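# Geometric and topological summary
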Amino acid sequence: GSDSAALTFNFPDKLLFSKKKLMEVKPSKPDSNETYENFVYCKTYLVDGKLKSWSGKSSDVFSNIYTRNKDGEIKPTLLGSIPDMETEPALEALDSAVAAFNRGKGKWPTMRVGERIKCLEKFADKMKNYREEVVNLLMWEISKNKSDSYKEFDRTVDYIYDTIEAYKEIDRKSAKFEKQSGIYAHIRRGPLGVILCLGPYNYPLNETFCLLIPAIIMGNTAVFKPAKHGVLLITPLLKAFKESFPPGVVNILFGRGRKIASPIMKTGKIDVLALIGHSSSAVALQDLHPNKNRLRLVLGLEAKNPGIVLPDADLDLTIKECISGTLSYNGQRCTALKILFVHESIVDEFNKKFAIAVDNLKYGLPWEKDAFLTPLPEPHKANYMQDLIHDAIKKGAKIINKKGGTLSHNYLYPAILYPVSTDMNIYHEEQFGPVIPIMSYKDIDEPLNVMAASEYGQQVSLFGNDVSKIGPLVDILANLVCRVNLNSACQRGPDVYPFTGRKNSAVSTLSVHDALRSFSIRTFVAAKDNPKNNEIIGSLLNSKDSNFINTEYIL
């Protein structure tokens, strides 16, 4: 496949799958939601601690996995429907969150840390009951393979428990009084207010909860809207949210962002915008807020993470890691390797071995054993990938793997493009899919200059063995990105490590430890050291009249 003629329809045997197996484990019914004939029709939303019935317009939810419909046509598979909400319920949910926070006077923000932790533990325990349902919906809604779907669910549950432990540690360190210059201080971390939480489709459970969970455990209240894809998998959890938290702490809406998020932001009542997605969406929402100076941002945005292959790299290890980095979940990760720079002395050998390795990857449906490559969940994504390939070929690149660019209704087999030049769209755009651009370089300053000029600065993968070369490079790369991976693919985890980025790639840091700080602010009680104040503080500690002033040690 060295030209665009290779871009033809294929994989017909992979398009069809019996609708009878749509849900291998049939979900139990959340309140007022209908789950029958293997479809999920969501007719409720969560506001003010109530699962409210929705009687307005609904939107059908389709899987980009094709099946034969009743008329015998091969079409995207209907999975169910969700409410298509407008401004009125959005503002209703916002008012609920605002009332629950109540300018910091609400039950949730003033609750003892231990009580908030019990609520999170209760939710995590209930969430585990829906593991099979959520995993099956991950496979059908966003075509995530089975093993990765289970990993996403289990990792999310672990994240909740890890966040609880991290919060306990923060609280233990705060359970004391400090004294400087004759003034006692009792310093804790307090909530910021009302959070608007918007998650991504590629990790609709894990990355969304990496925003939502630390936000609420710190005492904030939230309005949460699931992503466009990966939305039905939230419906089994509605009841768990309702039963675990006080009214108004978590409010869950369904619909399009412009109908829900936009009117919410215009009110100016949102204190924190927590979003994982594209910078254009983040900027547009910020611009709607009338008081941008006090709007806190917690953003995970796009990236163009490079892989740099030095002349002495172990090619077998490098290719293994580059496969993982470029094509895990079909490259639909912000942490994916989206461009490879390979030294000219080894580029031919690298390309040959890499092309063979990519062509040996198994394509299949998400539940098939060892399926690594799966359909793309976005209906028009394959055509966008094809446009990037056509543009690159027109400007001098070739597809160097035999299967590269083979197109079906819902998938484009990974295409390795070489040589890539700066005038190609694939050089500049975050492809977020299975197209892999490769550039050769002679001098290491070439990829370094590309990174320095880039609008993004999340991570880099550096492959090589010569310490005398790696050492100085690490010193430079650490100032261009926020994570340098040695002989390893870029990734987010482990979740205890900082996850952030420079420039347009992130605002704030998301990790178990740092996210708690991103969604809170240091606040403290101060008192001059004198007998009267000391008596009052002692009485407060003994009386337990204040949830803030206490030195309890949470085990």
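Here the structure is shown first, and the text comes after it.
Cut-off values and rules
Residues numbered from 1 in each chain as written. Predicted model: local features only at pLDDT ≥ 70, side-chain atom pairs only at ≥ 80, totals over all residues. Heavy atoms only, no water. Pairing = 2+ DSSP bridges. Helix = DSSP H or I, 4+ residues; strand = E, 2+ residues; numbered from the N terminus. Contact = heavy atoms within 4.5 Å. Axes fitted to C-alpha atoms, helices over the stretch in contact; angles between N-to-C directions. Expected span 1.5 Å × (residues − 1). Buried < 20%, exposed > 50% of the residue type's maximum accessible area, 1.4 Å probe, protein only. Phe/Tyr/Trp six-rings, centres within 6.5 Å; stacked < 30°, edge-to-face > 60°. Lys NZ or Arg CZ within 6 Å of the ring centre and 35° of its normal. Patch = residues over 30% accessible without salt bridge, like charges linked within 9 Å, V, L, I, M, F, W, Y side chains within 5 Å. Areas by Shrake-Rupley, 256 points an atom, 1.4 Å probe, with all protein chains shown as cover. Salt bridge = Lys/Arg side-chain N within 4 Å of Asp/Glu carboxyl O. Lys, Arg positive; Asp, Glu negative; His and termini not counted. Charge placed at Lys NZ, Arg CZ, Asp CG, Glu CD. Core = buried A, V, L, I, M, F, W, Y, C linked by side-chain atoms within 4.5 Å.

## Focus on the sheet that holds strand 20 (residues 459-463)
Strands sit in the order 16-17-18-15-14-20-21 across an open sheet of 7 strands; the sheet is mixed. A strand with exactly one partner marks an edge of an open sheet, and here the two such strands are strand 16 (398-399) and strand 21 (483-486). The sheet contact formed by strand 14 (residues 305-309) and strand 20 spans 3 bridges and is parallel. Looking across to strand 20, one finds that G307 is bridged to S461. Here helix 11 (residues 347-359) sits on the sheet and contacts strand 14, strand 15 (337-343), strand 17 (415-418) and strand 18 (435-441); the angle it forms with strand 18, its principal contact strand, is near 165 degrees. Of the strands in this sheet, strand 16, strand 17 and strand 18 are in contact with helix 12 (residues 381-394), which crosses strand 17 at around 25 degrees.

## A look at helix 12
Relative to the 20 Å expected for 14 residues at 1.5 Å per residue, helix 12 spans 20 Å between its end C-alpha atoms, a close match to the ideal helical length. Listed as buried for helix 12 are K381, A382, M385, Q386, L388, I389, D391, A392 and I393. The inward-facing, buried residues of helix 12 abut strand 16, strand 17, helix 13 (425-428) and strand 18. The positive-phi residue at the C-terminal boundary of helix 12 is G396, with phi of around 115 degrees.

## Notes on the sheet that holds strand 8 (residues 183-191)
Within the open sheet, the 3 strands sit side by side as 7-8-24. Their pairing is antiparallel. The sheet is open, and its two borders are formed by strand 7 (178-180) and strand 24 (520-528), each paired with just one other strand. In this sheet, neighbouring strand axes are inclined to one another by 40 degrees on average, regardless of whether the strands run parallel or antiparallel. Of the pairings in the sheet, the one linking strand 8 to strand 24 comprises 9 bridges and is antiparallel in character.

## Topic: the environment of P83
Positionally, P83 belongs in strand 6 (residues 74-83). When the C-alpha positions of P83 and N485 are compared, they lie 42 Å apart, and in sequence the two are 402 residues distant. Those residues in contact with P83 that lie beyond four places of it in its chain are C42, T44, W54, K57, S58, F254 and G255.

## Section: the packing of aromatic side chains
The full count for this structure, using the stated rule, is 12 aromatic pairs. With 6.2 Å between their ring centres and 35 degrees between their planes, F39 and Y41 make a pair best called tilted. Consider the rings of Y201 and F432, whose centres lie 6.1 Å apart with planes at 70 degrees: the pair is edge-to-face. Highlighted residues: Y201 in the loop between strand 9 (194-198) and helix 6 (206-217) and F432 in the loop between helix 13 and strand 18, separated in sequence by 231 residues. Judged by relative accessible area, F432 falls into the buried class, the value being 15%. Each member of the aromatic cluster is reached from another via a ring pair, and the members are W108, F123, F209, F241 and F245. Here R116 stacks its cationic end above the ring of W108, 5.9 Å away from the centre of that ring. Above the plane of the ring of Y203 lies K144, whose end atom (NZ or CZ) is 3.6 Å from the centre.

## A look at the pairing of strand 4 (residues 50-53)
In this sheet, strand 4 lies alongside strand 3 (residues 44-47) in antiparallel orientation, the contact comprising 4 bridges. Opposite L46, over in strand 4, you have L51 as the bridge partner. Where strand 3 hands over to strand 4, the hairpin turn is made up of 2 residues, of which D48 adopts a positive phi near 55 degrees.

## Notes on a negative patch on the surface
A cluster of like negative charges, contributed by E344, D443, D445 and E446, occupies part of the molecular surface. Here D445 is to be found in helix 14 (residues 445-453).

## Re the nonpolar core
Counting residues in hydrophobic clusters, the biggest one holds 107 residues, and the most contacted among them are F209, F241, F245 and L253. Counting residues per element, this core draws most heavily on helix 5 (residues 146-174), which supplies 9 residues. If we ignore the near neighbours within four places in the chain, the residues touching F245 are W108, C119, L120, F123, I216 and V250. Grouped together as the second largest cluster of nonpolar side chains are 60 residues, Y363, M424, L448 and L462 included.

## Looking at the side chain of S81
Along the polypeptide, S81 turns up in strand 6. If we ignore the near neighbours within four places in the chain, the residues touching S81 are V40, Y41, C42, S58, S59, D60, V61 and L232.

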